Amino acid sequence: VSQPARAVAWACAYEGCQVEEVQIMPGKDTQTKDYRSKNPIGAVPRLEEDGFVLNESHAIMCYLGDKFGWKLYPADPHVRARIHQYMNWHHQNTRRITLALFAPVMRPDIAIPKDLVAMWKKEITSPKGTLSSIEQWLSGSKWLCGDQPTV
C-alpha cells in the first residue's frame, strides 16, 4: 500500500470513518483506461462517493475532515494553515525520503536514476535538509502542526 494511501487509511481508522478500501496496484491498475478516466494523473489513493471523484491523499483527508468534523483536522484557522503548509511542503521534501530510501528497494519497477537518489539522500540529511526542517518544527511543539496530532 502506498504511503499516501496509508495516510488516508490511518486517518480514517483513527477517526472511525468507515470507507471501502479497494487494493490498486500502482503502475499497473492505475494505468488502465477505466482508472485513468476517473483519475487522469493515474495515482493512488482515489475517493469515489456518489459520482464525486477526488484524487490526492491530502485533498481526500481535508475533504473527509471537513465533512465529518475530524479531530485530526481542527477548525482552528491557524492549525489548518500549519496543516496546509506542511502538506504542500511534504510533496517535494518528505516524500524524497521514501523515494530515496525505500522506493529503490521496495519498488524496483519505478526507474529512479541512481544519481537522483544519491542527490536526495544528501539533501535529506544536510544541515538545511528535510530532516532538519522537521526537527525544527518539532522543537516548538509536540506535533508537526501544533499540540495535537493532525492530518
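For the structure itself, consult the block above.
Okay, so let's go over this structure. Just so we're clear, the structure is a prediction, and the values are computed from it rather than from any experiment.

**Re the packing of aromatic side chains**
Inference 1: Summed over all chains, the structure comprises four aromatic pairs.
Inference 2: Both rings, one in tyrosine 86 and one in tryptophan 89, keep their centres 5.7 Å apart while their planes meet at 45 degrees; by these two values the pair is tilted. Highlighted residues: tyrosine 86 and tryptophan 89, both in helix α4 (residues 77–90), separated by three residues, approximately one helical turn.
Inference 3: In this structure tyrosine 86 comes out as buried when scored by relative accessible area, which is 15%.
Inference 4: A ring pair is formed by tyrosine 86 and tryptophan 137, whose centres lie 6.0 Å apart and whose planes are at 75 degrees; its orientation type is edge-to-face. Taken together, the residues tyrosine 86 in helix α4 and tryptophan 137 in helix α7 (residues 130–140) connect sequence positions 51 residues apart.
Inference 5: These aromatic residues form a ring-pair network of at least three members: Tyr86, Trp89 and Trp137.

**So, the pattern of salt bridges**
Side-chain pairing between opposite charges can occur once the charged atoms of the two side chains come close.
Inference 1: Going through the model one piece at a time under the given rule, you end up with four salt bridges.
Inference 2: A salt bridge links aspartate 66 to arginine 80; the nearest nitrogen and oxygen atoms lie 2.8 Å apart. On the criterion of sequence distance, the pair formed by aspartate 66 in helix α3 (residues 57–68) and arginine 80 in helix α4 is long-range, its members being 14 residues apart.
Inference 3: The exposure class of aspartate 66 is partly exposed, given its relative accessible area of 47%.
Inference 4: A residue is classified by how much of its surface remains accessible, and arginine 80, at 18% relative accessible area, is buried.
Inference 5: The network of salt bridges with common partners includes Lys38, Arg46 and Glu48.

**Observations concerning unusual backbone geometry**
Inference 1: Here the residue pair valine 44 and proline 45 is connected by a cis peptide bond, since its omega of 5 degrees sits within 30 degrees of zero.
Inference 2: By the element assignment, proline 45 lies in the loop between α2 (33–38) and β1 (46–49).
Inference 3: Unlike most non-glycine residues, aspartate 50 shows phi in positive territory, near 50 degrees.
Inference 4: Within the element layout of this structure, aspartate 50 appears in the loop between β1 and β2 (52–55).
Inference 5: Look at glutamate 56: it is not a glycine, yet its phi comes out positive at around 85 degrees.
Inference 6: For glutamate 56, the position within the fold is in the loop between β2 and α3.

**Here we look at the packing of helix α5 (residues 94–106) against helix α6 (residues 114–125)**
Inference 1: Here α5 crosses α6 at 130 degrees, and the two axes come no closer than 9 Å. Relative to α6, the element α5 lies oblique. As α5 packs across α6, the resulting crossing turns out to be left-handed. On the side of α5, the interface is formed by Arg96, Ile97, Leu99, Ala100, Leu101 and Pro104, while α6 contributes Val117, Trp120, Lys121, Glu123 and Ile124.
Inference 2: Looking at the contact of α5 with α6, its residues break down into eight nonpolar, no polar and three charged.

Each value, and the rule that gives it
Residues numbered from 1 in each chain as written. Predicted model: local features only at pLDDT ≥ 70, side-chain atom pairs only at ≥ 80, totals over all residues. Heavy atoms only, no water. Phe/Tyr/Trp six-rings, centres within 6.5 Å; stacked < 30°, edge-to-face > 60°. Helix = DSSP H or I, 4+ residues; strand = E, 2+ residues; numbered from the N terminus. Buried < 20%, exposed > 50% of the residue type's maximum accessible area, 1.4 Å probe, protein only. Salt bridge = Lys/Arg side-chain N within 4 Å of Asp/Glu carboxyl O. Axes fitted to C-alpha atoms, helices over the stretch in contact; angles between N-to-C directions. Parallel < 35°, antiparallel > 145°, perpendicular 65-115°, else oblique. Left-handed = near helix turned anticlockwise from the far one by under 90°. Contact = heavy atoms within 4.5 Å. Nonpolar A, V, L, I, M, F, W, Y, C, P; charged D, E, K, R; others polar.

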